[in-house]
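Summary of the model geometry
Chain by chain, the residues run as shown.
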Amino acid sequence: MCGIVGYIGTQQCVPILIDGLRKLEYRGYDSAGLAIHDGKGIELVRAVGKLRALEEATRERNTLEGTLGIGHTRWATHGGVSEENAHPHVAGDIALIHNGIIENHSALRKRLEGDGAAIASDTDTEIVAHLVDAHVRAGKDLVEGVRDALQEVEGAYAIAVVSRKDPSRLVVAKNASPLVLGVGDGENFAGSDIPALLEHTRRMVIMEDGQMAVLRRDGIELFTLSGDPVEVVERRVDWSPVMAEKAGYKHFMLKEIFEQPRAIEDTLRGRLERELGDINSAEIGLTPEVARSIKRVCLIACGTSHHAAMTGHYYFEQLAGIPTVVELASEFRARDPLIGDGDMVVAISQSGETLDTLMGAKIAKDKGAHILAIANVTDSAIPRMADGQLYTRAGPEIGVASTKCFTAQLLALLMLAIYVGRQNKHLSDEQTRDLVEELARLPLHMRDVLTGTRQLVSNIARRYKEAQDVLFLGRGLNFPIALEGALKLKEISYVHAEGYAAGEMKHGPIALIDASVPVVVLLPKDSYRDKSLGNLQEAKARGGRMIVVASEGDEDAHATADEVVEVPVVNELLAPFLTVLPLQLYAYYVADMKGTDVDQPRNLAKTVTVE
Ligand code: F6R
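Residues numbered from 1 in each chain as written. Predicted model: local features only at pLDDT ≥ 70, side-chain atom pairs only at ≥ 80, totals over all residues. Heavy atoms only, no water.

A tally of helices and strands in the chain yields 19 helices and 27 strands. Each of the three principal axes of the chain carries a C-alpha extent, and together these read 80 × 55 × 45 Å. Across the 611 residues that make up the chain, the buried fraction comes to 60%. By sequence separation, contacts in the chain at least 24 residues apart represent 71% of the contacts at least 6 residues apart. Counting only carbon and sulfur atoms, one obtains 48% of the accessible surface of the chain, whose full area is about 22,900 Å². Here the chain holds 66 positive side-chain charges and 87 negative ones, and the gap between their average locations is 2 Å. (Helix = DSSP H or I, 4+ residues; strand = E, 2+ residues; numbered from the N terminus. Buried < 20%, exposed > 50% of the residue type's maximum accessible area, 1.4 Å probe, protein only. Contact = heavy atoms within 4.5 Å. Areas by Shrake-Rupley, 256 points an atom, 1.4 Å probe, with all protein chains shown as cover. Lys, Arg positive; Asp, Glu negative; His and termini not counted. Charge placed at Lys NZ, Arg CZ, Asp CG, Glu CD.)

Below, the discussion takes up the pattern of salt bridges. Between side chains of opposite charge, a pair can form as their charged atoms come close. Following the criterion strictly, the structure yields 39 salt bridges and no others. Between E55 and R22 there is a salt bridge, and its shortest N-O distance comes to 2.8 Å. Of this pair, E55 sits in helix 2 (residues 51-60) while R22 sits in helix 1 (residues 13-23); the two residues are 33 residues apart in sequence, bridging distant segments of the chain. A relative accessible area of 21% places E55 in the partly exposed class. For R274, the salt bridge goes to E437, with nearest N and O atoms at 2.9 Å. Taken together, the positions of R274 in the loop between strand 16 (272-273) and strand 17 (278-279) and E437 in helix 15 (residues 429-464) put the pair 163 residues apart, joining distant regions of the chain. Given the relative accessible area of 41%, R274 is considered partly exposed. Within this structure, R529, D530, D554 and D556 form a network of salt bridges that share partners. (Salt bridge = Lys/Arg side-chain N within 4 Å of Asp/Glu carboxyl O.)

Turning our attention to the domain arrangement of the chain. When its domains are assigned, the chain resolves into domain 1 (3-243), domain 2 (245-427) and domain 3 (450-597). The C-alpha centroid of domain 3 is placed 26 Å from the C-alpha centroid of domain 2. The interface is formed by 27 residues belonging to domain 2 together with 26 residues belonging to domain 3. With both sides pooled, the region where domain 2 packs onto domain 3 buries about 2,300 Å², and carbon together with sulfur makes up 73% of that total. Contact with domain 3 buries surface across domain 2, with F258, H307 and Y314 losing the most and accounting together for 23% of the total. Inspection of the domain 2/domain 3 interface yields one salt bridge. Close ionic contact of D592 with K250 constitutes a salt bridge, the shortest N to O distance being 3.0 Å. (Domains from an automatic or database assignment. Buried area = accessible area lost by both parts, 1.4 Å probe.)

What follows concerns the nonpolar core. Counting residues in each nonpolar core, the largest one holds 88 residues, and the members touching the most others are F316, L416, L439 and F577. When residues of this core are assigned to domains, at least three map to each of domain 2 (245-427) and domain 3 (450-597). Excluding its chain neighbours within four sequence positions, the residues that come into contact with L416 are I284, L286, F316, M344, V346, L372, I374 and L390. Among the nonpolar cores identified, the runner-up in size contains 29 residues, and I16, I18, L51 and L54 belong to it. (Core = buried A, V, L, I, M, F, W, Y, C linked by side-chain atoms within 4.5 Å.)

Let us now look at the sheet that holds strand 6 (residues 94-102). The strand order across the open sheet built from seven strands is 5-6-7-8-12-13-14, with neighbouring strands paired in antiparallel fashion. Edge positions in the sheet fall to strand 5 (89-91) and strand 14 (229-230), since each has one partner strand and no second. Direction of pairing for strand 13 (residues 219-224) relative to strand 14: antiparallel, over a ladder of two bridges. Within strand 14, the residue paired with F223 across the bridge is P229. (Pairing = 2+ DSSP bridges.)

The next point concerns the packing of helix 16 (residues 479-493) against helix 19 (residues 575-594). Put simply, helix 16 and helix 19 touch, their axes get as near as 9 Å, and they point 15 degrees apart. One element, helix 16, and the other, helix 19, form an angle in the roughly parallel class. The way helix 16 lies across helix 19 gives a crossing that is right-handed. Here helix 16 contributes I481, E484, G485, K488, L489, I492 and S493 to the contact with helix 19, which in turn contributes P576, T579, V580, L583, Y586, A587, Y588, V590, A591 and K594. (Axes fitted to C-alpha atoms, helices over the stretch in contact; angles between N-to-C directions. Parallel < 35°, antiparallel > 145°, perpendicular 65-115°, else oblique. Left-handed = near helix turned anticlockwise from the far one by under 90°.)

Another aspect to go through is the site of the ligand. Around the ligand, the structure places 14 residues, and the nearest of them are S305, S349, S351, T354 and E491. Within the side chain of E491, one N or O atom sits 2.5 Å away from an oxygen atom of the ligand. Elements represented by at least two residues in the shell around the ligand include exactly helix 10 (303-320) and helix 16. Of the residues forming the shell around the ligand, the biggest block, three residues, is contributed by helix 10. Taken together, the residues of the shell around the ligand sort by class into four nonpolar, eight polar and two charged. (Near = heavy atom within 4 Å. Polar contact = N/O pair within 3.5 Å; in protein donor to acceptor, adjacent residues only side chain to side chain. Nonpolar A, V, L, I, M, F, W, Y, C, P; charged D, E, K, R; others polar.)

On to the packing of aromatic side chains. Scanning all chains against the criterion turns up three aromatic pairs. Ring plane angle 55 degrees and centroid distance 5.2 Å describe the contact between Y7 and F189, whose orientation is recorded as tilted. In this pair, Y7 is assigned in strand 1 (residues 3-8) and F189 in strand 10 (residues 188-191), connecting sequence segments 182 residues apart. Neither residue differs from the other here; Y7 and F189 are each classed as buried. Here K50 stacks its cationic end above the ring of Y29, 4.3 Å away from the centre of that ring. The lysine or arginine in question, R147, covers the ring of F223, its NZ or CZ lying 5.7 Å from the ring centre. (Phe/Tyr/Trp six-rings, centres within 6.5 Å; stacked < 30°, edge-to-face > 60°. Lys NZ or Arg CZ within 6 Å of the ring centre and 35° of its normal.)

Rendered as structure tokens:
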């Protein structure tokens, strides 16, 4: 995910911008750049790779001086990793950086090219620079030019703009991508987050969606996108440097759990055609022809990504009507799998580097299957070898235990299944429209669950943290979520936990149940709910202590369980996105109360490149 910084003041801005970009490195990037106003014009420096390369390039230009500038780290989305695609982008007198995705960039590009604009990169960002330039050329002032350009743009953005003709102003704007302003004495700052600015000031202004700001050396003005003034409200941030890195959360894992609504919004962005009630094929990684030719889907992955694949199994069979198998990548490659022409192998991996998944995909490719990678890390090994790529846009995941990448993978699989179901006409217009609408509302529901259940789950964790064994039960789409809940708990709290299909309980695990074993049951309102309620009652009758994740207002759950965590009622295909959240929080709080190393649990690695 891109990072942006901006500075206007009296100090030389190159070191300030590079230092800010270094604080944003955690967001992930593949190129970086600066635009510096030297009082006469704008100097541009861009480099592919790490910030070291940008620093090297700035050193080579030893005359690079100025007290107004913008800096950017780019995580490639539109257009490959290259110097031309790196930000800032320049159009006429305008230099601009952007974090987010401009959804209507193709139509705008066509129009601008028709008007004679020479667009040098493949990015959606350069389009915005040209729009601003066009308005300024037509006689608008810089601020009005930015405002008018943004009226034409659909999508998510945090932008920062400077003009060669105006060394006294830095203009920024935000919609759905983060942007923070830092207030100084005779200087002001902008950045993607607080840590990027914290070394220079603790006086922050958190911008809201739909706002623009004009930064001068001696002050900041804030407006709505329609030009109405907004009061500038400063808040003082007293975070320590360590807290700053984690945006005030105690651990990266907790931060990442709370980032999930945003990760889902970003992964959805540009892929839903809300007005048409459909999935946009542009960034799904699969052409309509290939989608129509698929006879069988094989999902391969490891660990948490394998649990996402298990949920994907339901999505593909129900929504695309295609026979689907799910395999642990290590087992898939342990035999000589019968796979080939007509099969689509979807290799799912947060890191994109997991060796078993990579080797499994290679075997399938050699045998003639079509390979689609679902990955979070751009240009990592698995997407590089695959025929198509569907990137989750969860942003870098630092905590070793995967959380936000898991829900982003669920979303990628769901969108892919809807897309294939549309291509092979398995899914009706109406079903698709309903799903698209529900998907658009999903981030809101996730936010509600996270904020609404956090305290309750922490209290439950306190009551049950001494348990030596915990059972997790789920049925249908929530069976993989039960497995995921158990995996999360064991890997970070070192408590023994088992996930079971609820229907399997009486075939063995019921023997384990007594008052010392908490049983977590997933009971959202879905087609399996009544059967799972029966399993809950069976376990209760044997003295089990029952923790239930149920839909709002489920009286039976309240009557039977010791603890109930409620989630909103949604289409049952989407319930796993909500039921997994309290389980992630539960694992987190138990681990934190036990004092384990939550972000780097013993013996585990974030990227597993061994067999
Ligand atoms: C568990 C976890 C691991 C990974 C597994 C696969 O929280 O993170 O189980 O899911 O190692 O990793 P990726 O998705 O990078 O292939």
